[in-house]
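An overview of the molecular structure
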Amino acid sequence: FPDAIRKLIRLDPQFVMSIGDFITGYMEDRKWINQDWVDVAVELAPLKVPFFYTVGNHDQTNPVLVDEWTKRFGRSYYHFSYKNVLFLVLNSEDGGYSKISQTQLDYFRKALADNPNPRWTFVFLHKPIWDKHEDADEKKDGSDGRTAFLKFEEMMKGKKYTVFCGHTHQYSRDVRDG
């Protein structure tokens with residue numbers, strides 16, 4: 001991570017996007033959670049441009065981690081526009097493992113309505129939850145992440161966009177619906 005930060009600085013970006021999993025996670029001891037976040041802040045300190053966090057499963061695996069995230073960063077999903085390019089940052093752990101809540105879908109529906117004609121849209125989330133293998137808890141009632149992401153994709157129909165995610169720790173490129 002420190003090597004990546006040094007390389008980013010040399011690129012002289014306007015800002016940096018991320019795809020989650022900053023801390024060890026899977027714990028409830030606030031002392032250790034705090035130390036993990038302090039370590040992340042120290043590693044990011046040399047970066048003098050805005051850094052946009054995306055929640056990973058390690059960052060919000062339980063209610064204590066969700067609470068700690070909220071204290072530090074506020075909302076776990078958001079959007080912004082830069083030079084008429086729309087950035088949508090989703091939380092693929094919203095309400096549980098591999099989930100996107102209806103509240104989050106409604107938020108992005110409004111963000112898309114408020115920004116109807118961007119030059120391009122970039123979407124960031126941690127897990128590729130459109131893949132059945134990433135959503136072990138798929139539910140018939142549509143409350144699973146895969147079903148929610150398919151609803152999100154419907155909202156994106158006709159728009160030019162690219163999705164970035166992590167979690168699998170290997171590079172792959174997929175083209176969906178053109």
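Use the structure listed above.
What you see is a predicted model; the values in this text were computed from it and never measured.

Moving on, we get to the pairing of strand 5 (residues 120-124). The two faces of the sheet receive side chains in turn, since in a regular strand these alternate between them. Bridging between strand 4 (residues 85-89) and strand 5 involves 5 bridges; their strand directions are parallel. Looking across to strand 5, one finds that Val 85 is bridged to Trp 120. Each parallel crossover has a hand, and for strand 4 linked through helix 4 (residues 102-114) to strand 5 it is right-handed. For strand 5 and strand 6 (residues 161-164), the ladder comprises 4 bridges, and the chain directions are parallel.

This brings us to the packing of aromatic side chains. What the rule picks out here adds up to 27 aromatic pairs. Summarising the aromatic geometry, the rings of Trp 37 and Phe 73 are spaced 5.2 Å apart at their centres and angled 70° between planes, so their arrangement reads as edge-to-face. Of the two residues, Trp 37 is situated in helix 2 (residues 30-44) and Phe 73 in helix 3 (residues 63-73); the sequence distance between them amounts to 36 residues. A relative accessible area of 5% places Trp 37 in the buried class. Assessed through its relative accessible area of 30%, Phe 73 is described here as partly exposed. Between the aromatic rings of Phe 149 and Phe 152, the centroid separation amounts to 5.6 Å while the plane-to-plane angle is 40°, which identifies the pairing as tilted. Here Phe 149 pairs with Phe 152, and both are found in helix 5 (residues 145-156), just 3 residues apart, close to one helical turn. Summarising the burial analysis for this pair, Phe 149 and Phe 152 share the class buried. Put simply, the rings of Phe 15, Phe 52, Tyr 78, Phe 80, Tyr 82, Phe 87, Phe 122, Phe 124 and Phe 164 pair up and form one aromatic cluster. The positively charged end of Lys 127 is found above the aromatic ring belonging to Tyr 97, 3.3 Å away from the centroid.

Think of a sheet as strands paired side by side through backbone hydrogen bonds, with each pair either parallel or antiparallel. Reading across the sheet, the 4 strands line up as 3-4-5-6 and stay open at both edges, with mixed pairing between neighbours. Edge positions in the open sheet fall to strand 3 (78-82) and strand 6, since each of these has one partner strand only. If you compare each strand with its neighbour and ignore which way they point, the axes differ by 15° on average. Set on the sheet, helix 4 makes contact with strand 3 and strand 4; between it and strand 3 the angle comes to about 20°.

Moving on, we come to the packing of helix 4 against helix 5. Between helix 4 and helix 5, the shortest axis-to-axis distance is 11 Å and the interhelical angle comes to 10°. In terms of axis orientation, helix 4 runs roughly parallel to helix 5. Between helix 4 and helix 5, the contacting residues are Gln 102, Leu 105, Phe 108, Arg 109 and Leu 112 on the first element and Ala 148, Lys 151, Phe 152, Met 155 and Met 156 on the second. Broken down by class, the residue content of the contact of helix 4 with helix 5 amounts to 7 nonpolar, 1 polar and 2 charged.

Once that is clear, we can look at helix 2. Spanning 15 residues, helix 2 covers 21 Å between terminal C-alpha atoms, matching the ideal 21 Å at 1.5 Å per step. All buried positions along helix 2 are accounted for by Ile 33, Asp 36, Trp 37, Val 40 and Leu 44. All buried residues of helix 2 lie within an arc of 95° about the axis, which places them on one face of the element. Seen from the buried face of helix 2, the exposed residues on the opposite side, beyond 90 degrees, are Lys 31 and Val 42. Buried residues belonging to helix 2 abut helix 1 (2-11), strand 2 (51-52) and helix 3.

Here the focus is the pattern of salt bridges. Should the charged atoms of two oppositely charged side chains come close, the side chains can pair. Per the counting criterion, the structure on display carries 11 salt bridges. A salt bridge links Asp 67 to Arg 30; the nearest nitrogen and oxygen atoms lie 2.9 Å apart. Taken together, the positions of Asp 67 in helix 3 and Arg 30 in helix 2 put the pair 37 residues apart, joining distant regions of the chain. Judged by relative accessible area, Asp 67 falls into the partly exposed class, the value being 29%.

Scoring rules and cut-offs
- Residues numbered from 1 in each chain as written.
- Predicted model: local features only at pLDDT ≥ 70, side-chain atom pairs only at ≥ 80, totals over all residues.
- Heavy atoms only, no water.
- Pairing = 2+ DSSP bridges.
- Helix = DSSP H or I, 4+ residues; strand = E, 2+ residues; numbered from the N terminus.
- Right-handed = clockwise from strand over helix to strand, strands pointing away.
- Phe/Tyr/Trp six-rings, centres within 6.5 Å; stacked < 30°, edge-to-face > 60°.
- Buried < 20%, exposed > 50% of the residue type's maximum accessible area, 1.4 Å probe, protein only.
- Lys NZ or Arg CZ within 6 Å of the ring centre and 35° of its normal.
- Axes fitted to C-alpha atoms, helices over the stretch in contact; angles between N-to-C directions.
- Contact = heavy atoms within 4.5 Å.
- Parallel < 35°, antiparallel > 145°, perpendicular 65-115°, else oblique.
- Nonpolar A, V, L, I, M, F, W, Y, C, P; charged D, E, K, R; others polar.
- Expected span 1.5 Å × (residues − 1).
- Arc of directions from axis to C-beta.
- Salt bridge = Lys/Arg side-chain N within 4 Å of Asp/Glu carboxyl O.

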